[in-house]
Amino acid sequence: QYALKSAESEMYDVFFLRLEMPDMPGVVFLQKIKEMSHYSNESYFFVGSSFNPGMLEILKEHDVQHVMLKPFSSDKFFEKFDSFKQFENGNNPFNKAFKAAKVLLRKKDFDKSRLLAEKINSTVKQPIEKVLILLGDIETAVQEFIKARAYYEQALQANPESTIAKKRIAKNYIDQKAFA
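Residues numbered from 1 in each chain as written. Predicted model: local features only at pLDDT ≥ 70, side-chain atom pairs only at ≥ 80, totals over all residues. Heavy atoms only, no water.

Novice: If you had to explain the packing of helix α5 (residues 93-106) against helix α7 (residues 129-141) to someone new, which residues and values would you point to?
Specialist: Put simply, α5 and α7 touch, their axes get as near as 11 Å, and they point 15 degrees apart. Accordingly, the angle class assigned to the pair α5 and α7 is roughly parallel. Here the hand of the crossing between α5 and α7 comes out left-handed. Taken together, the residues of α7 that come into contact with α5 (itself represented by F94, N95, F98, A101, K102 and L105) are K130, V131, L134, D137, I138 and A141. Its residues assigned to classes, the contact of α5 with α7 comprises 8 nonpolar, 1 polar and 3 charged. (Axes fitted to C-alpha atoms, helices over the stretch in contact; angles between N-to-C directions. Helix = DSSP H or I, 4+ residues; strand = E, 2+ residues; numbered from the N terminus. Parallel < 35°, antiparallel > 145°, perpendicular 65-115°, else oblique. Left-handed = near helix turned anticlockwise from the far one by under 90°. Contact = heavy atoms within 4.5 Å. Nonpolar A, V, L, I, M, F, W, Y, C, P; charged D, E, K, R; others polar.)

See the structure below:
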């Protein structure tokens, strides 16, 4: 609880979390952070002894890419941590552009977010699920439900096991009915 209160009053760029924490699971902490208006482009590094498919889905939905499960050697930890630092320093242009597009969406700059996400989508050789989900989320935000559903369906084609795409499609039908 102290960490959550601190995150409400301060601004942090990186969070190091355990999947299993005594007061609240790390994924619940992540969800609470994402509900705060001043967070959008922070990074997460999770460590834990196990996780279930529900946790994995939440981590994927929030684009958490750095998770380590015990047991691990110090060499493996530092190898993963070096990868994390490289990722965070923006050495990967795709990830940097993707994060920027997500920030623009959270700031409700839909046109710029869409342009950047479309640019990313046009430069990849094969469809990438998370980019298509982002494009769908942008269209949902501007209540273009048919366009959004098309992106979510493309994401599902890119990854037929995607529970995120399946949930977005279901929510899309509900949203479309609510605004019809």
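Back to the text.
Novice: A description of the packing of helix α1 (residues 2-9) against helix α2 (residues 26-35) should follow, citing residues and the corresponding values.
Specialist: Taken N-terminus to C-terminus, the directions of α1 and α2 make an angle of 20 degrees; their axes are 11 Å apart at the nearest point. Considering the angle they form, α1 stands roughly parallel to α2. Seen from above, α1 lies across α2 with right-handed handedness. Note on element contacts: α2 touches α1 through F29, K32 and I33, opposite A3, L4 and A7. Per-class residue counts for the contact of α1 with α2 are 5 nonpolar, no polar and 1 charged.

Novice: Could you give me a rundown of the nonpolar core, with the residues and numbers involved?
Specialist: When a protein is soluble and globular, its nonpolar side chains tend to lie buried together. The biggest cluster of nonpolar side chains holds 19 residues, and the ones touching the most others in it are I133 and L134. Listed by contribution, the elements that provide at least two residues to this core are α5, α6 (110-123), α7, α8 (145-158) and α9 (163-179). For this core, the element with the highest residue contribution is α7, accounting for 6 residues. With near-sequence residues (within four places) excluded, L134 lies in contact with F98, A101, K102, L105 and A117. In this structure, A7, L17, L59 and V64 belong to the second largest nonpolar core, which totals 17 residues. (Core = buried A, V, L, I, M, F, W, Y, C linked by side-chain atoms within 4.5 Å. Buried < 20%, exposed > 50% of the residue type's maximum accessible area, 1.4 Å probe, protein only.)

Novice: Go over the sheet that holds strand β3 (residues 66-69) with me, naming the residues and quoting the values.
Specialist: The strand order across the open sheet formed by 3 strands is β1-β2-β3, and the pairing between neighbours is parallel. The two strands at the open ends of the sheet, each matched to only one other strand, are β1 (14-18) and β3. Neighbour-to-neighbour, the strand axes of the sheet open up by a mean angle of 15 degrees, direction not taken into account. Where β1 and strand β2 (residues 43-48) come together, 5 bridges link them in parallel fashion. Among the inter-strand pairings, F16 is bridged to a residue of β2, identified as F45. (Pairing = 2+ DSSP bridges.)

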